[in-house]
Amino acid sequence: MVCSPDFSLLRDLFLVLLFQMSMRGSDSFLVIGPSEPIVAMLGADTVLPCRVHPAMNVENMEIRWFRNQFSEAVFVYQNGMEQVGEQVVDFKGRAELVKDYITEGRVAVRIHSLRVSDNGMYKCFFKKGTDFEEAVLELKVIGLGSGPRVFLVGPEDGGIRLKCTGKGWFPQPEVQWEDVKGEKIPSVSEDETQDDDGLFQIEASLIVRDSSKTQVSCSMKNPFFGQEQVETIFIPESFFPRPSPWKAAFAVTLVILGISAGAIVYLAWKERQGKKKLSKVKEEKEKESKSKESFERELARRKELYQQDWRKAELYADWRKEQFKAAAFTLDPKTAHPNLVLSENKQHVSLKNNVSQNGDASTHEEQRDSEVIFSVLGEKSFTQRDTNRQYWEVEVKTRTEAGSATRCVLGICSETAKREGWFVETPERNFWVLVHEEGKVIFPNSQKNSPSLRQQPHRIGVFLDWEAGNLSFYNMADGSHIYSFTGITFCGTLFPYFSLWGTGASLTICSTSDHPENCPDSSPKTSLTHLRSCDTSVPQEANSLLQEVNVSTSAASAQASYRYVVQESCPS
């Protein structure tokens, strides 16, 4: 079935009328207030209007204006009349309902004699049955106080102080100083206070130093309303302080005097500091001198005690040298292995280059039958007739090249010791030697193969005491004891003994004179080193002192005593 155009138009009109009738029968509405803040003068009257949409009669509605809380009622209209009981005290007698257009849904509350406390936010509330709506309003109360008053206070800080005051303002006004050209001048200070009614009192100060600014104005402006009040003051040029020549001279004089006083104080302080420093240096020198004298006395006393029984104290190599005779000798080329190279002065021995060496530089207990030891003897021999105790010093150099280890051996051997082909450097075979191998010190067949040393010895002293049957080795770099062969019964003839192994190894017999040109390092004062490292408290008896020193030194250098009596090589 096709509908005609006239029938469709009638249907649309019917639907529009039906919709309007349904809206009139509905209780829904909106509450609308002013979209902009309401500005009113302090002490005047103002109205806070509200309306409902759609327009309707609101005589039977509950209407209420309140502040932040619903209970803070400014005005209440209910059941067709004002409800005074719910109204707060501040608005009683000052608020009334304007209801000229109440049947059209437009009402307002009028507030008389506005106060500062009336400034702020409000809400208007409409309720019909169970439906209610509200709107928010803002009231800005402004107070234009008394116009600014400008006063000339007097000269200050090289200028003229001005004061601008005003009172009865709300909110706090903006204060601005300007000269005759309209250029703004910042205030030196601004103070504001509020009285019991909440009104502001302002006091601003300015110091004018430019004598050309004889006309200055002060303005106060309300930031919301924009209303401004201005007052201008004229300052006679004669009021400005005139510069005086003697003031400038006085100021320069004061500066010069201040600098001079500062320089005098600084020089005096510097001189006092210099005296303190000199006094301190003098005291330190005196203290150092006393300490040195005390140290020397203690050193002399210890040396005296040491000399009373030096054999019991295996330390202080330089003191020990005083009990021995320096043995001056050279190497004997006749006893040198063909692969050894002796220096021209026969005090230095090293290996030839590219010497084929079987085996490795292992300890003597691991020597193989195929090993050949490259050795040489000293020219000087020692026999029982040589009652003097003998000592000599040897410089040891060991270098490890790629894939090659080194070993240096020094000490003494008997003329009966076998040195051809393969042999073992042990006391049983009449060799009493120290082995310097790969940074370690080893003694063949001793109880402790590697003593604990403070530093690796590179200059070694050899001390031979035939009568006491003692052969001792010392590190001449620090004077420390390394090892001693004791209880030996020497017989026949003894020779200084040396052997090398490995590329880069060498031995040098050092000169025992005061000018050791043959060695790169000279022996330091080892007794000083030992005394500094020991306890300075020394017992009275020499025997007890030496016993204590002997025990401590034995622990530090890891001494191992080796007692062996050679019987096979000596005639009965």
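Another point: the sheet that holds strand 8 (residues 106-111). Picture the strands of a sheet paired through backbone hydrogen bonds; they go either parallel or antiparallel. Strand order across the open sheet formed by four strands is 1-3-8-7, with antiparallel pairing between neighbours. Pairing within the sheet leaves two strands with one partner each, and these edge strands are strand 1 (30-32) and strand 7 (95-101). The mean inter-strand angle of the sheet, taken between neighbouring strand axes irrespective of direction, is 25 degrees. Direction of pairing for strand 7 relative to strand 8: antiparallel, over a ladder of five bridges. Opposite Leu97, over in strand 8, you have Val109 as the bridge partner.

Our focus in this paragraph is unusual backbone geometry. Residue Pro54 is bonded to the preceding His53 through a cis peptide linkage, with omega at 0 degrees. At Asn79, a position not held by glycine, the phi torsion is positive, near 60 degrees. Relative to the helices and strands, Asn79 resides in the loop between strand 5 (73-78) and strand 6 (81-82). The exposed category is assigned to Asn79, whose relative accessible area is 66%. Even without being glycine, Ser113 reaches a positive phi, approximately 50 degrees. On the basis of relative accessible area, Ser113 is assigned to the partly exposed category, the value being 41%.

Moving on to the sheet that holds strand 26 (residues 440-442). Overall, antiparallel pairing links the five strands, which are arranged 22-30-24-25-26 in an open sheet. With one partner strand each, in any of the chains shown, strand 22 (374-377) and strand 26 form the two edges of the open sheet. Neighbour-to-neighbour, the strand axes of this sheet turn through a mean angle of 15 degrees, independent of strand direction. Of the pairings in the sheet, the one linking strand 24 (residues 407-414) to strand 25 (residues 431-437) comprises seven bridges and is antiparallel in character. Along strand 25, the bridge assignment pairs Arg407 with Glu437.

On the surface, Val39, Met41, Phe224 and Phe225 cluster together to form a nonpolar patch covering roughly 360 Å² of accessible area. If you trace the backbone, Phe224 turns up in the loop between strand 17 (215-221) and strand 18 (228-234).

Judged by nonpolar contacts, the single largest core of 37 residues is most densely connected at Trp392, Phe473 and Phe498. By size, the runner-up hydrophobic cluster in this structure holds 30 residues, among which are Phe29, Met56, Leu97 and Val141.

Another aspect to go through is a negative patch on the surface. Taken together, the side chains of Glu283, Glu284, Glu286 and Glu288 define an acidic patch exposed on the protein surface. Mapped onto the fold, Glu286 is located in helix 2 (residues 245-308). By relative accessible area, which is 41% here, Glu286 ends up partly exposed.

Taken as a whole, this structure holds two disulfides when the rule is applied. There is a disulfide in this structure between Cys50 and Cys124, and the S-S distance comes to 2.0 Å. Because the sign of the S-S torsion sets the handedness, a value of about -95 degrees for the bond joining Cys50 and Cys124 places this disulfide among the left-handed ones. One end of the pair, Cys50, is in strand 3 (residues 46-53); the other, Cys124, is in strand 9 (residues 120-128), with 74 residues separating them in the sequence. For Cys164, the disulfide goes to Cys218, at an S-S distance of 2.0 Å. Taking the torsion about the S-S bond as the criterion, the Cys164 to Cys218 disulfide, at about -85 degrees, is left-handed.

This part is about the pairing of strand 11 (residues 149-156). Two strands pair when backbone bridges link them, and strand 11 and strand 12 (residues 159-169) are joined in this way by seven bridges, in the antiparallel orientation. Bridge pairing in strand 12 links Pro155 to Ile160. Here strand 11 hands over to strand 12 after two residues, with Asp157 in that stretch at a positive phi of 50 degrees.

On to the packing of aromatic side chains. By the definition in use, this model includes 20 aromatic pairs. Taken together, a centroid distance of 6.3 Å and an interplanar angle of 15 degrees make the contact between Phe374 and Trp501 stacked. Placement of Phe374 in strand 22 and of Trp501 in strand 30 (residues 494-501) is noted, with a sequence separation of 127 residues between them. For the pair Phe374 and Trp501, a shared accessibility class is recorded, and that class is buried. Geometrically, the ring pair formed by Phe431 and Tyr497 is edge-to-face, given 5.0 Å between the ring centres and 70 degrees between the ring planes. With a gap of 66 residues between them, Phe431 in strand 25 and Tyr497 in strand 30 connect regions that are remote in the sequence. The ring of Tyr122 carries Arg67 above its face, with NZ or CZ at 4.3 Å from the centroid. Directly above the ring of Tyr101 sits Arg106, whose terminal nitrogen or CZ lies 4.5 Å from the centroid.

Below, the discussion takes up the side chain of Asn475. In this structure, Asn475 sits in strand 28 (residues 470-475). What makes Asn475 buried here is its relative accessible area of 1%. Those residues within four positions of Asn475 in sequence are excluded, and the remaining contacts are Gln455, Gln456, Pro457, His458, Arg459, Ser480 and Ile482.

Turning our attention to the environment of Gln69. Within the secondary structure layout, Gln69 lies in the loop between strand 4 (62-66) and strand 5. Since its relative accessible area comes to 47%, Gln69 is described here as partly exposed.

Cut-off values and rules
Residues numbered from 1 in each chain as written. Predicted model: local features only at pLDDT ≥ 70, side-chain atom pairs only at ≥ 80, totals over all residues. Heavy atoms only, no water. Pairing = 2+ DSSP bridges. Helix = DSSP H or I, 4+ residues; strand = E, 2+ residues; numbered from the N terminus. Axes fitted to C-alpha atoms, helices over the stretch in contact; angles between N-to-C directions. Buried < 20%, exposed > 50% of the residue type's maximum accessible area, 1.4 Å probe, protein only. Patch = residues over 30% accessible without salt bridge, like charges linked within 9 Å, V, L, I, M, F, W, Y side chains within 5 Å. Areas by Shrake-Rupley, 256 points an atom, 1.4 Å probe, with all protein chains shown as cover. Salt bridge = Lys/Arg side-chain N within 4 Å of Asp/Glu carboxyl O. Core = buried A, V, L, I, M, F, W, Y, C linked by side-chain atoms within 4.5 Å. Lys, Arg positive; Asp, Glu negative; His and termini not counted. Charge placed at Lys NZ, Arg CZ, Asp CG, Glu CD. Disulfide = S-S within 2.5 Å. Phe/Tyr/Trp six-rings, centres within 6.5 Å; stacked < 30°, edge-to-face > 60°. Lys NZ or Arg CZ within 6 Å of the ring centre and 35° of its normal. Contact = heavy atoms within 4.5 Å.

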